[in-house]
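Chain by chain, the residues:
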Amino acid sequence: MYRIPRYSITLTKDGSFKSEIKKITKAEDAYEIMKPMMENLPVEHFQIIMLDAKCQVIGTSLVTIGTISENIVTPIEIFQRAILANSKAIILVHNHPSGDPKPSREDIALTKQIVEGGKILQIAVLDHIIIGDDKFISLKVDGYI
């Protein structure tokens, strides 16, 4: 006789923070929400902003913490959080500790992979914001999405 484990999955609220912005209408909104948490960090942090069907913020989630020059993240880790929050859309956000928000080839490739995964799951990937020193880049505005 085998013992087969039973599992349950939950999303746990891990605090909150104040923001003047509740609804995302442009890339600057996402930047303003995440800037206080992500500017001037010594290593890369990859987070997502989870949105409902009206682009109102459901919440944010830290996906991974990397090193000073890279961060390994997979679509599984991203979409797991989005699904648990019943997100209709997400915005990817990460920082560059160097201060230069210019996307790397890896940033662009990962974004395209996550966008494709979102299409299958019917979770729109609206943008990927890269935060540097007092500035940011939107991969949507720059034509990568």
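Analysis parameters
Residues numbered from 1 in each chain as written. Predicted model: local features only at pLDDT ≥ 70, side-chain atom pairs only at ≥ 80, totals over all residues. Heavy atoms only, no water. Patch = residues over 30% accessible without salt bridge, like charges linked within 9 Å, V, L, I, M, F, W, Y side chains within 5 Å. Areas by Shrake-Rupley, 256 points an atom, 1.4 Å probe, with all protein chains shown as cover. Salt bridge = Lys/Arg side-chain N within 4 Å of Asp/Glu carboxyl O. Helix = DSSP H or I, 4+ residues; strand = E, 2+ residues; numbered from the N terminus. UniProt positions renumbered as here; feature names shortened; annotations may be inferred. Expected span 1.5 Å × (residues − 1). Contact = heavy atoms within 4.5 Å.

Focus on a nonpolar patch on the surface
Here is step 1 of the chain: Residues Ile83, Ile120 and Leu121 make up a contiguous nonpolar surface patch of roughly 310 Å² in combined accessible area.
Here is step 2 of the chain: Topologically, Leu121 is positioned in helix α3 (residues 105–121).

Some remarks on the UniProt feature "domain: MPN" (unreviewed entry) in the protein chain
Here is step 1 of the chain: In the numbering adopted here, UniProt assigns the feature "domain: MPN" (unreviewed entry) to residues 23–145.
Here is step 2 of the chain: Note that residues 23–145 is 32% helix and 28% strand, and that its end C-alpha atoms are spaced 20 Å apart.

Focus on helix α1 (residues 27–38)
An α-helical turn contains 3.6 residues, so any two residues separated by three or four positions project in the same direction.
Here is step 1 of the chain: The terminal C-alpha atoms of α1, which comprises 12 residues, lie 15 Å apart, in line with the 16 Å expected from a rise of 1.5 Å per residue.
Here is step 2 of the chain: Residues of α1 that are buried make contact with β1 (45–51), β2 (57–65), β3 (89–95), β4 (124–131) and β5 (136–138).
Here is step 3 of the chain: Positioned one or two residues after α1, Asn40 has a phi angle of 65°, which is positive.

Describing the environment of Ile48
Here is step 1 of the chain: Structurally, Ile48 can be placed in strand β1.
Here is step 2 of the chain: It is 15 Å that separates the C-alpha atoms of Ile48 and Gly117, two residues lying 69 residues apart in sequence.
Here is step 3 of the chain: Dropping the residues within four chain positions of it, Ile48 is found in contact with Gly59, Thr60, Ser61, Val63, Ile78, Arg81, Ala82, Ile90, Ile91 and Leu92.

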